[in-house]
Structures are given as structure tokens and as C-alpha cells.
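Residues per chain, in single letters:
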Amino acid sequence: MPIRRLPPETVNRIAAGEVVERPSSAIKELVENALDAGATRIEIQADGGGLSRILIADDGHGMAPDQLALAVERHATSKLEPDDAGDVDLLRISTLGFRGEALPSIGSVARLTITSRAKDGDAHQITVEGGDQRPVAPAGFPGPHGARVEVRDLFYATPARLKFMKSERSEAMAISEEIKRQAMAHEGVAFTLDLDGKTTLRLPAEHPGDEGRLKRLAALLGRDFEANALLIDQSREGIRLSGYAGLPTYSRGNGGHQYLFVNGRPVRDRLLQGALRGAYADFLARDRHPAAVLFLEIDPLFVDVNVHPAKAEVRFRDPALVRGLIVGALRHALHAAGHRASTTVADNVLAGFTAHTGPAWSPSSPTARGFSGWTGWDRPVAANQDIPGLSEMSVRVEAPPADVQHWPDPSGAPNPADPIDQPLGAARAQVHGTYIVAQTRDGIVVVDQHAAHERLVYERMKTQMAEGSVIRQALLTPEVVELDPAEADRVIARADELAQLGLIVEPFGGGAVLVRETPALLGDTDVQGLIRDIADDLAEHGAALALSERLGEVCGTMACHGSVRAGRVLSAPEMNALLRQMEATPHSGQCNHGRPTYVELKLNDLEKLFGRR
Ligand SMILES: Nc1ncnc2c1ncn2[C@@H]1O[C@H](COP(=O)(O)OP(=O)(O)OP(=O)(O)O)[C@@H](O)[C@H]1O
Ligand SMILES: [Mg+2]
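The rules behind the values
- Residues numbered from 1 in each chain as written.
- Chains lettered and ligands numbered in written order.
- Predicted model: local features only at pLDDT ≥ 70, side-chain atom pairs only at ≥ 80, totals over all residues.
- Heavy atoms only, no water.
- Helix = DSSP H or I, 4+ residues; strand = E, 2+ residues; numbered from the N terminus.
- Buried < 20%, exposed > 50% of the residue type's maximum accessible area, 1.4 Å probe, protein only.
- Contact = heavy atoms within 4.5 Å.
- Areas by Shrake-Rupley, 256 points an atom, 1.4 Å probe, with all protein chains shown as cover.
- Near = heavy atom within 4 Å.
- Polar contact = N/O pair within 3.5 Å; in protein donor to acceptor, adjacent residues only side chain to side chain.
- Phe/Tyr/Trp six-rings, centres within 6.5 Å; stacked < 30°, edge-to-face > 60°.
- Lys NZ or Arg CZ within 6 Å of the ring centre and 35° of its normal.
- Pairing = 2+ DSSP bridges.
- Axes fitted to C-alpha atoms, helices over the stretch in contact; angles between N-to-C directions.
- Parallel < 35°, antiparallel > 145°, perpendicular 65-115°, else oblique.
- Left-handed = near helix turned anticlockwise from the far one by under 90°.
- Nonpolar A, V, L, I, M, F, W, Y, C, P; charged D, E, K, R; others polar.
- Patch = residues over 30% accessible without salt bridge, like charges linked within 9 Å, V, L, I, M, F, W, Y side chains within 5 Å.
- Salt bridge = Lys/Arg side-chain N within 4 Å of Asp/Glu carboxyl O.
- pLDDT = per-residue confidence, 0-100.

Asker: How should I be thinking about the overall build of the chain in this particular structure?
Answerer: Looking only at helices and strands, the chain features 20 helices and 23 strands. Looking at the chain as a whole, 50% of its 613 residues qualify as buried. Within the chain, contacts between residues separated by at least 24 positions form 70% of all contacts whose residues are at least 6 apart in sequence. Carbon and sulfur atoms provide 52% of the accessible area of the chain, an area that totals close to 28900 Å².

Structure, rendered in C-alpha cells:
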């Protein structure tokens, strides 16, 4: 077959296949056009999942009649201006659109009608059906200026594409999600979305700026997000990162709560997603995902937006700088959040409580009932039954504070006159050998002792590591750990790196390793279990990464072995020391897997729970 030039309609449909993949992508293009036109109000309507009808109305600057015909022509745009030599600089793009592709693409696969009025002009209209362009004609228009773009029967001209559409419902959901994204980045613009005649989103214009943005985000993501997000605002070398990042304990099961923007453009960029994951790597298990809304502002010269047909990805000239900024800013914010855990944790607990019906305690044992509550009220407590944790507690609370020495590392813990005034309060009891119950001025705190201690050990190991001096302790008698030969080889191959982490191992022949020293932070640890877990770690991750890059995981494994196990009975001073250390330690609000280490219940909520308010 000879080479032929394709007819323009075919060219347009091929292009359209890339630009408008589904109704939500057509809507994205039309909303971006409205934003580029300086709209302050954008109304979106979609019927039948956007397949039967889409209408986007804006109050932007509109188009004069002679511009209407150009608007639907391919490669015609008002957004790029050639310089004196007639060249266009594609690296100075400051608008969302720049290709002059969206309207002609939509016009080639649907029935497109654009009605517009420019300031001080008369309104006109143009229609394109399946690529067939009609003449511009006068028309009515409701406002002083702006545009109304109607798209009917999307993909009617490309039946093959139509077959690929999902259900109307899932298309409608994709549309909502798209509008959400656009609305997040443009808090100064009012948005309404009607789906099949029902208003599903109505967002008033907010004052542009941080406060307005938080209001907009709260409207879109819920109050929970607002309460559990940390403000991010950092600049480096002319790049600014702002927005909000969720606390680790507010993490999600998928990445659907990550909204990333570059210069006001929603993107699903690998680099940015990777940086986000990297920043939380220390705090979240691999199957948990942080919630975040992040805006990157960068000189257009340093980012290429012309790399993806739907403009969903970008390329940075200096990816390392961008990644560094994101990881640094988020870690900094998470560090500053200290021991804060998300409010939703307490909300969930309260919801759990209120879901239970009346407890079966005897009024003659008033102290017992509160604590029996922690195990759930389904187990009745006899009036005169002794609650082990509770009776032990009353003895311990009176124990002399000299007991603090029992704690593995008492050094960093302040010893305030009245611990009840501290954020995590005064320890009152240990229940089930696992949870510490503490009293604060305005509530109670329940701490998971194992999770909390694991985090403390982990953070201290990291600090020692960063200072280049992990303190080791020699075992009285070196311990031999039997592994299978491959495992032993893997551990020995990493002996130098393990030594930096405070673990001294030597080959012992026949699949065994000899352990001479362990990190002092771990105290009297189960050496066998520790080495086996490390061998498992190494097997799982192979030799691809240096241990130092997986510091988090290895430290986490070690910390787990050094921590106060669930089930260990603690004295009151030990418990208080743990609370004080948590307060002084960054990231102590969650364990290494993103689970909370403590829950705080406010007196207010407790009073509500018991009908006192
Ligand atoms: N809502 C609108 N209000 C005013 N002018 C508009 C509107 N929508 C489109 N236009 C004009 O029509 C032109 C063509 O729009 P189109 O979306 O096809 O291309 P673009 O926005 O320039 O680039 P891209 O293909 O990257 O979106 C725009 O450059 C703009 O001048
Ligand atoms: Mg456009």
C-alpha cells in the first residue's frame, strides 16, 4: 500500500483518542479552559455519566465571534505567543492549555456547541458534529461575558471507543473526582456540579490563600482531614511546596487520597508519588498510604508539562531537588507533629464504646467498671471480683520513684513535679499487662506499651545511627544461632553493615553464626529471634539495597526485639518514664507500622458517653 495522508477527520479522531479518553477527561479539558479564561464561577452538568450530555458554563473572558471558529480548529490556541522571530517557547507555559487540541478533539467525536460572549460584545455560537463544523451564528447568552460549552453524545462518532466506557455510575464518579481535583487547586473559583439534574457539589469561592484553601479542602475531604492534616509550607531554590499532609495514623488502604498539583495542574506523577511514599516510609507499613494534598509551585522553565497526552504527568529538570524538597518538608512536618496521633483514632474508639449497650457491672464496685470497659462490656464483672491490673496498680502508684532505674533508658525523661499536667498524663494503671492507662487534666490516655516502646527504641537507634555511634553491649557468652546455610551466608555477607547498626556477627560454620555484641538499646534481647528476623528481612529484600537505605526496616526489626513486650508488668515509675519519653520523642504517636501507640479520650467525650452531658 502506498503512503497516504490521512483525511483531517481521521487525524482528529486519532488525536481525540489520546486527549479525551472518557467523559471525565473531556470535562477536565473544558474546566481547564474555563480556568484559563479567568472564570470565577464554573458550573458543570453531566447526564448519563457524561456520555449523553455535558455542559460547562463559566464567567470568564469569553470569545469574540471570529475567535469561535478558530477555537475548534486543530493546533489553534490563544495561549502561546510566538516571539519576534516567530518561535514559540514551550518551556514557558503558564496556562493549563497550550496545544489547541481539546475543543477540536471533542468536536470530532461528539456534538459540540460553544456559545460565548466576550466583554462588550454580542453572543455567538458554533457547532461541530463528528468533525463537521457549522458556521458561527448569533445566539443568546445569560451573562455579560463567558462561555457555555455543551457536549452531546460523546463518542457517537467513534462507536468502538463507546464500547469501552464503564457504567454510567463509574463515569459519573470519575467526573466528581475530576471536579474535586480541579476545585482543590482553585479555591478562589466557585464550582457546582450537577449529575443527572441533581446538585452533588456546591463550592462557594473562598479567599485565595492558605485559609481559603483549607476551607475548600475541608469541604471536599471532610472535617476529619482538616483535623488530621499537618500544614506544609516550604520553599527551596525557588520551588515552593505547600498543602496538607495527613498524620500517619490517618493513613489509607490505597493511594486514592493523594492529590498532587504542579502549578495548579492536577498530576499523577510517579516522582511525586514516590517522594510522598519515601517521606512516610518510616511510619507506614507498605500497604498503607498517606493522605495528602500537595501543591508544588515551580518556575515553568524547570518543569516540562508537554510530556503526556492528557497532561497528567510532568518532567522536572531537577528531579532530585524536587524529591528532596518533598521528602524534607514532609519529614519535618511529621517530626514537628511529635507524638500527635490522629483524632479519628479516638473517634473510632468512642464510636466503638457507644455501639455497646449497657454494661453489666455492679454499682457497688465503682472502680472496677471503668477498667472492665476496656475489654468490652460483653464480659460481665462480678461486684467483688478482683481485677488483676487494677489491684496491682494501687500498690505500684505508691512505689518510690527510685524505681525509674528499671527503665531501659531513663536518661532523656524529664521528671516533672506533677505528671498529670504533661500531655500524656500520669500513669494510673496497667491493664492486661499491655495497656497503660494515664490520667490527664482533661481526659485519659491509653497507651499500647509494646508499640510505644518499639517506637522509642527505633527513634533512638536512628539518632545514634545518624551520629555514627550505635552503642553496643557485649554478650557475656557469645551466642550461636543456627540458620540454614544460605541464610547464614546472607547475614555474614552483611556483617560490616550490621556492625554499624550495633550487631556484631561472625561465621560459625555449617549454617551457624556467632553473635558477640548487640545494640545496647535493645537491652536483654532474644538474640536467636533477632538474628532469624534479620535473616528473613535480608531474604525478602535481596541484596539490591544497602542496609543503610533500609535502615528503617532493619531498625524496626531490632526495635521490635528490644521493646517492652505486651504482657510485661511495669511499675508506675516505669510507666511514667515511658509516657515522658513518648512526649519527648518525635513520631511516637504511631508505631513503625502506622498504628497508633496511644489513644486519648477527652473528659468531655467520656461525660457524653455516660450521659453526664
Ligand atoms: N471557556 C472558554 N473561554 C474563553 N476562551 C476559550 C474557552 N475555551 C476555549 N477557549 C479558547 O479556545 C482555544 C482553544 O481551546 P482548546 O482547549 O482547544 O485549546 P487550548 O486550551 O489552547 O490548548 P489545550 O489543547 O492544551 O487545551 C483556547 O486557546 C482559548 O483561546
Ligand atoms: Mg484547553
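Structure shown, so let's carry the discussion forward.
Asker: Mind showing me how you'd approach the site of ligand 1 here?
Answerer: As a matter of local geometry, ligand 1 sits amid 22 residues, with Thr77, Ser78, Lys79, Glu101 and Lys311 nearest to it. Contact distances for ligand 1 include 2.8 Å between an oxygen atom and a side-chain N or O atom of Asn33. Interatomic distance of 2.9 Å between a backbone N/O atom of Gly100 and an oxygen atom of ligand 1. The protein chains hide 96% of the 590 Å² of surface that ligand 1 would expose on its own. If you list the elements that add at least two residues to the shell around ligand 1, you get α2 (23-36) and α4 (102-109).

Asker: Is there a simple way to explain the packing of aromatic side chains in this structure?
Answerer: Under the criterion given, the structure shown has two aromatic pairs. A centroid spacing of 6.4 Å and a plane angle of 55° characterise the contact between Phe225 and Tyr250, whose relative ring orientation is tilted. Of this pair, Phe225 sits in helix α8 (residues 223-228) while Tyr250 is found in the loop between β11 (239-246) and β12 (258-262), placing the two residues 25 residues apart along the sequence. Taken individually, Phe225 and Tyr250 each receive the classification buried, so the pair is uniform in this respect. Ring geometry for Phe261 and Phe295: centres 4.8 Å apart, planes at 15°, overall stacked. Here Phe261, found in strand β12, pairs with Phe295, found in strand β14 (residues 292-297); they are 34 residues apart in sequence, far enough to count as distant. Judged by its relative accessible area of 1%, Phe261 is buried. A relative accessible area of 3% means that Phe295 is categorised as buried. Of note, Arg213 hangs over the ring of Phe295, and the distance from its end group to the ring centre comes to 3.7 Å. Geometry around Phe98 places Lys311 over its ring, the cationic atom sitting 5.1 Å from the centre.

Asker: How should the sheet that holds strand β22 (residues 512-519) be read in this particular structure?
Answerer: The strands making up a sheet are joined through hydrogen bonds of the backbone, oriented either antiparallel or parallel. The sheet built from three strands is open, its strands ordered β20-β22-β21 with antiparallel pairing. In the strand order of this sheet, the two ends are held by β20 (472-482) and β21 (504-509), each with one partner. The sheet shows a mean angle of 20° between the axes of neighbouring strands, direction not considered. Judged from the five bridges that link them, β21 and β22 form a sheet pairing that is antiparallel. Paired with Glu506 across the two strands is Leu514, which belongs to β22.

Asker: Where do I start with the packing of α2 against helix α6 (residues 168-185) in this structure?
Answerer: Any two packed helices are characterised by how steeply their axes cross, that is the angle between the axes, and by the distance between the axes. As a packed pair, α2 and α6 sit with axes 9 Å apart at the nearest point and diverge in direction by 25°. In terms of orientation, α2 and α6 fall into the roughly parallel class. For the pair α2 and α6, the crossing hand works out as right-handed. Of α6, the residues touching α2 (which contributes Pro23, Ser24, Ile27, Lys28, Val31, Glu32 and Leu35) are Glu171, Ala174, Ile175, Glu178, Ile179 and Gln182. Residue composition of the contact of α2 with α6, grouped by class: seven nonpolar, two polar and four charged.

Asker: Could you clarify how one ought to interpret a nonpolar patch on the surface in this entry?
Answerer: There is a patch of nonpolar side chains on the surface, built from Leu6, Val11 and Ile14 and spanning about 250 Å² of accessible area. As for its position among the elements, Val11 is in helix α1 (residues 8-19). Using a relative accessible area of 30% as the deciding quantity, one classes Val11 as partly exposed.

Asker: Please clarify how the confidence of the model for the chain should be interpreted in this entry.
Answerer: Detailed reading of the predicted coordinates is not advisable wherever pLDDT is low. Taken residue by residue, the chain gives an average pLDDT of 81. The fraction at 70 or more is 83%. Note on residues 354-416: pLDDT is under 50 here. Beyond four places in sequence and across chains, it has 72 contacts.

Asker: Just checking my understanding: could you explain the pairing of strand β19 (residues 443-448) for this structure?
Answerer: A regular strand places its side chains on the two faces of the sheet in alternate fashion. β19 sits mainly inside the fold: five of its six residues count as buried. As paired elements, strand β18 (residues 435-440) and β19 share six bridges and run antiparallel to each other. Within β19, the position partnered with Tyr435 by the bridge is Asp448. Counting the residues that bridge the hairpin from β18 to β19 gives two residues. Here β19 runs beside strand β23 (residues 598-602); their pairing, made up of five bridges, is antiparallel. Bridging across to β23, Ile444 finds its partner in Leu601.

Asker: What is the right way to look at the sheet that holds β14 in this model?
Answerer: With mixed pairing, five strands are arranged side by side in an open sheet as β10-β11-β14-β12-β13. Unpaired on one side and paired on the other, β10 (229-236) and β13 (265-267) mark the two borders of the sheet. Going from strand to strand, the sheet's axes swing by 20° on average, the running direction of each strand aside. Looking at chain direction, β12 and β14 are connected through five bridges and run parallel. Within β14, the position partnered with Phe261 by the bridge is Phe295. Against the sheet, helix α7 (residues 210-221) contacts β10, β11, β12 and β14, and its axis sits at roughly 40° relative to β11.

Asker: Explain the environment of Arg252 to me, please; I cannot follow it from the model alone.
Answerer: Tracing the sequence through the fold places Arg252 in the loop between β11 and β12. Arg252 sits 36 residues away from Arg288 along the chain, and the two C-alpha atoms are 5.6 Å apart. Residue contacts for Arg252: discarding those within four places in its chain leaves His257, Asp287, Arg288 and His289. In terms of polar contacts, Arg252 uses its side chain to reach the side chain of Tyr250, at 3.0 Å. In terms of polar contacts, Arg252 uses its side chain to reach the side chain of His257, at 3.0 Å.

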